[in-house]
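# Residue-level structural notes
Here's the letter readout for the chains.
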Amino acid sequence: MLKALTDRNRHGGYQPLARLSLEESSDPKNILYLTERRRKEWRALEPSEQQQYIDGVLCLMRKPSISTTGSTRYDDFASLHATVGPMTHYAASFLPWHRYFTHTFEKALAEECRFSGTLVYWDWTLDASNFTASPIWNSDTGFGGNGDPNLEPQMPRGNCVVDGPFANTTRTWQSDSNGHGFNLRHSPHCLSRGFLTGEKAEQLQSRVSPAALQRLLGQSSYGKLLDEVEIQTHNVIPQFVRGDFYRMTAPNDPVFYLHHTQVDRLWWLWQQQDLEARINQYEGPKNNMRIFKNMTQVEASLEDIVEMGGFADDILVRDLMSTQSDLLCYSY
Ligand SMILES: [Cu+2]
């Protein structure tokens, strides 16, 4: 615990909290920030930690939305991703925006559901030989598996998930877009997946092989990394899982958060290789190149504002470059 406090101070963070001893602080929120926050791979968690994480997510699914009556707090994140998120895909802000988005989700878990752990990642490179066999889909120790093809689909290329902790849970929002435009519909439906199989699935798997990841981490600039991360690597998972995941309402699928924590980790790993230079390296198009394809591209800047649609304060890209800041304070 003392070590964690020292680390926080070195990062310049949490001065008011750092002065509190654990005895003085009865607020569990404060204790959270005083403990070491290292994000782990799903398989590295103890079964009890996995359960706590799942319980936290289920808790948000039971809480009412803070924006739309009749939907849940969990749903808020899918609508946020489909309304504000499209600006940040196929753009430089893809990485910092999702870093802040997942952080906002983690904060909701902690503050609204008393979750005391951290976000967790799914290192899909461990499953590059067979995505379908990943323990992430386990019905007892994971997030449930593929949709049931015998049921009437409630969305294209997706069937209701009928096993695991999120079986037959309802999602309020559905988007027809997968990053090339804005679209959001009120359309209550079951959590849906439709795993891709055959040769196409094998092609996707080859894009997250250890060799592919080596190439990704070997990129020499943020701009090149961005293309590798978002298009070559990140897109693999929605294209494989399909259903809810393959839409701008992808946070409907709880595995979205483990996927994006892994994407964030890849950026972090890339930064760690030359931290001094890369902690402020940021470049690329400011706006979504596929939505605004006829517009002259504006170059992104560290001073660009990162918006969270009122669910969290607007901040600057600059504030999201390091994970070891007052705001974020985590590592992998
Ligand atoms: Cu996204």
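Residues numbered from 1 in each chain as written. Predicted model: local features only at pLDDT ≥ 70, side-chain atom pairs only at ≥ 80, totals over all residues.

Across its full length, the protein chain carries 12 helices and 8 strands. Scored against the burial criterion, the 332 residues of the protein chain give a buried share of 39%. By sequence separation, contacts in the protein chain at least 24 residues apart represent 66% of the contacts at least 6 residues apart. (Helix = DSSP H or I, 4+ residues; strand = E, 2+ residues; numbered from the N terminus. Buried ≥ 20, exposed ≤ 12 C-beta atoms within 10 Å, placed from the backbone. Contact = placed C-beta atoms within 7 Å.)

Next up on the list: the packing of helix H4 (residues 47-62) against helix H6 (residues 94-113). Between H4 and H6, the least distance of the axes is 10 Å, while the angle of their chain directions is 80°. Between H4 and H6, the angle falls in the class roughly perpendicular. On H6, the residues touching Gly56, Cys59 and Leu60 of H4 are Ala108, Leu109, Glu112 and Cys113. Classifying every residue of the contact of H4 with H6 gives 5 nonpolar, 1 polar and 1 charged. (Axes fitted to C-alpha atoms, helices over the stretch in contact; angles between N-to-C directions. Parallel < 35°, antiparallel > 145°, perpendicular 65-115°, else oblique. Nonpolar A, V, L, I, M, F, W, Y, C, P; charged D, E, K, R; others polar.)

This brings us to the UniProt feature "domain: Tyrosinase copper-binding" (unreviewed entry) in the protein chain. Under the present numbering, the feature "domain: Tyrosinase copper-binding" (unreviewed entry) in UniProt falls on residues 89-106 and 253-264. Along residues 89-106 the backbone is 72% helical and 0% strand, and the end-to-end C-alpha distance reaches 21 Å. (UniProt positions renumbered as here; feature names shortened; annotations may be inferred.)

With that settled, the discussion passes to the confidence of the model for the protein chain. Low pLDDT marks regions whose predicted coordinates should not be analysed in detail. With 89% of its residues at a pLDDT of 70 or more, the protein chain has an overall mean of 89. Considering only residues more than four positions removed or in separate chains, one finds that residues 1-25, a stretch of pLDDT under 50, has 30 contacts. (pLDDT = per-residue confidence, 0-100.)

Membership of the largest hydrophobic core comes to 66 residues, with the highest contact counts inside it found for Trp122, Ile136, Leu226, Val229, Leu258 and Trp267. Broken down by secondary-structure element, the contributors of at least two residues to this core are H4, helix H5 (73-83), H6, strand E2 (120-121), helix H9 (222-234), helix H10 (236-241) and helix H11 (255-272). In terms of residue count, H11 provides more of this core than any other element does, 9 residues in total. Excluding its chain neighbours within four sequence positions, the residues that come into contact with Val229 are Leu95, Leu216, His234, Val263, Leu266 and Trp267. (Core = buried A, V, L, I, M, F, W, Y, C linked by C-beta atoms within 7 Å.)

Of all the 5 residues making up strand E4 (residues 170-174), 4 are buried; the element is thus mostly covered by neighbouring parts of the structure. As paired strands, E4 and strand E5 (residues 185-190) are joined by 4 bridges and run antiparallel to one another. Residue pairing across strands places Arg171 opposite His189, the latter belonging to E5. (Pairing = 2+ DSSP bridges.)

With respect to the element layout, Arg242 can be found in the loop between H10 and H11. Overall, the presence of 22 C-beta atoms within 10 Å leaves Arg242 in the buried class. Taking C-alpha positions, Arg242 is 8.7 Å from Pro156, a pair spaced 86 residues apart along the chain.

It is the contact of H9 with H11, at a shortest axis distance of 11 Å, that shows an interaxial angle of 150°. In terms of their interaxial angle, H9 and H11 are classed as roughly antiparallel. By crossing handedness, the relation of H9 to H11 is classed as right-handed. Note on element contacts: H11 touches H9 through Val263, Leu266, Trp267 and Trp270, opposite Leu225, Val229 and His234. Taken together, the residues of the contact of H9 with H11 sort by class into 6 nonpolar, 1 polar and no charged. (Left-handed = near helix turned anticlockwise from the far one by under 90°.)

So, about the environment of Met321. One can find Met321 in the segment after strand E8 (315-316). Residue Met321 is classed as buried on the basis of its 21 C-beta neighbours within 10 Å. In this structure, the C-alpha to C-alpha distance between Met321 and Arg99, residues 222 residues apart in sequence, is 9.1 Å. What Met321 contacts, discounting residues up to four positions off in sequence, is Ile279, Asn280 and Tyr282.

It is worth spelling out the environment of Ala92 at this point. Along the chain, Ala92 turns up in the loop between H5 and H6. Each C-alpha atom, one on Ala92 and one on Met289, is 9.8 Å from the other, the two residues being 197 residues apart in sequence. In contact with Ala92, not counting residues within four places along its chain, are Leu226, Tyr282, Glu283, Gly284, Pro285, Lys286 and Ala300.

Right, let's get into unusual backbone geometry. The phi dihedral of Arg114 falls on the positive side, at around 55°, and the residue is not glycine. In this structure, Arg114 sits in the loop between H6 and E2. For Arg114, a count of 14 C-beta atoms within 10 Å corresponds to the partly exposed category. The backbone of Arg242 sits at a positive phi, close to 55°, despite the residue not being glycine.

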